[in-house]
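# Survey of secondary and tertiary structure
Chain by chain, the residues:
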Amino acid sequence: MSTPELLPILRYPDPRLNTVAQPVVAFDDRLRELVDRMFATMYDAHGIGLAATQVDVHQRLIVIDVSETRDQPLVLINPVIDWASPETRKGEEGCLSVPGIYDGVERSLAVKITALDEQGQSRTIEAEDMLAVCIQHEMDHLMGKVFVEYLSPLKRNRIKTKLLKAERDARD
């Protein structure tokens, strides 16, 4: 079996990252191919989650694998948070669209979500710890929000300047 072709990951501050994703309506071979390519891209980039928005596909689709062994892939299509714990924790987050940047974001410790899998079957997932944080982070992407938008304007501008400079240096 051949390895799926990798997808380019949009980098902050690309304005396409602020696009609100639309619901997935077709559960076909194109969707399954996109899921395979998103997993290949996420694993290649050493990430634990990837939203379709990050690869310039503006549909409500997330792939996640928080396992140490990288063998517990989770597909969430049209996810909805049904419940989020009132208890929160500020934890270090990073993002494949904001390479090399990590900062603290306040998130619920646990969530209960409803989503569809790639066959269109409904599932309910109760998540806590890293999986809960990852789900909330990736669902933000579907709403057009990048984690750095939780930070102060000063921090955001420093990050934007740093990433734009790195991009310019890479081209030179």
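Residues numbered from 1 in each chain as written. Predicted model: local features only at pLDDT ≥ 70, side-chain atom pairs only at ≥ 80, totals over all residues. Heavy atoms only, no water.

### Some details on the overall build of the protein chain
Along the protein chain, the regular secondary structure elements total three helices and seven strands. Listing each helix as α and each strand as β along the protein chain from the N terminus yields α-β-β-β-β-β-β-β-α-α. Split into buried and exposed, the 172 residues of the protein chain put 43% on the buried side. Considering only contacts in the protein chain between residues 6 or more positions apart, those separated by 24 or more positions represent 65%. In the protein chain, 21 side chains carry a positive charge and 28 a negative one; their mean positions are 8 Å apart. (Helix = DSSP H or I, 4+ residues; strand = E, 2+ residues; numbered from the N terminus. Buried < 20%, exposed > 50% of the residue type's maximum accessible area, 1.4 Å probe, protein only. Contact = heavy atoms within 4.5 Å. Lys, Arg positive; Asp, Glu negative; His and termini not counted. Charge placed at Lys NZ, Arg CZ, Asp CG, Glu CD.)

### Description of the packing of aromatic side chains
On inspection of all chains with the given rule, the structure shows one aromatic pair. Residue placement shows K145 over the ring face of Y150; its charged tip is 4.0 Å from the ring centre. (Phe/Tyr/Trp six-rings, centres within 6.5 Å; stacked < 30°, edge-to-face > 60°. Lys NZ or Arg CZ within 6 Å of the ring centre and 35° of its normal.)

### A closer look at the side chain of R37
Considering the arrangement of structural elements, one finds R37 in helix α1 (residues 29–44). The contact partners of R37, leaving out residues within four places of it in the chain, are P4, E5, L6 and L7.

### A few points about helix α2 (residues 129–142)
Given a rise of 1.5 Å per residue, 14 residues ought to cover 20 Å, and the 21 Å separating the end C-alpha atoms of α2 matches this to within 8%. Across the 14 residues that make up α2, a large majority, 10, are buried. Along α2, the residues that are buried comprise A132, C134, I135, Q136, H137, E138, M139, D140, H141 and L142. Of the residues one or two after α2, G144 is the one with positive phi, at around 80°. (Expected span 1.5 Å × (residues − 1).)

### Let's talk about the side chain of D117
Note on placement: D117 falls in the loop between β6 (110–116) and β7 (122–128). Buried within the structure, D117 lacks any salt-bridge partner; R123 is the closest side chain of opposite charge, at an N-O distance of 4.9 Å. Of the polar contacts made by the side chain of D117, one reaches the backbone nitrogen of Q119; its length is 2.9 Å. Beyond its immediate chain neighbours, meaning those up to four positions away, D117 contacts F27, V75, I77 and R123. (Salt bridge = Lys/Arg side-chain N within 4 Å of Asp/Glu carboxyl O. Polar contact = N/O pair within 3.5 Å; in protein donor to acceptor, adjacent residues only side chain to side chain.)

### Some words on the nonpolar core
Residues M38, L50, L61 and V63 are the most contacted members of the largest nonpolar core, which totals 17 residues. Those elements giving two or more residues to this core turn out to be α1, β2 (61–64) and β3 (74–84). Counting residues per element, this core draws most heavily on α1, which supplies six residues. Not counting chain neighbours up to four residues away, the residues in contact with L61 comprise V24, L31, L34, V35, M38, L50, A51, A52, V75, L76, I77 and L142. Counting residues in each nonpolar core, the second largest holds 16 residues, with A51, A127, C134 and M139 among its members. (Core = buried A, V, L, I, M, F, W, Y, C linked by side-chain atoms within 4.5 Å.)

### Observations concerning unusual backbone geometry
Following Y12, the chain continues to P13 via a peptide bond in cis, the omega torsion being 10°. The topology assignment puts P13 in the segment before α1. Of note, R70 is a non-glycine position whose phi angle comes to about 60°, a positive value. Among the structural elements, R70 can be located in the loop between β2 and β3.

### Considerations on the sheet that holds β6
In space, the five strands of this open sheet follow the order β1-β2-β3-β6-β7, with antiparallel pairing throughout. The open sheet terminates on both sides in strands that have one partner only, identified here as β1 (49–51) and β7. The average undirected angle you get between the axes of adjacent strands in this sheet is 40°. Here β2 runs beside β3; their pairing, made up of four bridges, is antiparallel. (Pairing = 2+ DSSP bridges. Axes fitted to C-alpha atoms, helices over the stretch in contact; angles between N-to-C directions.)

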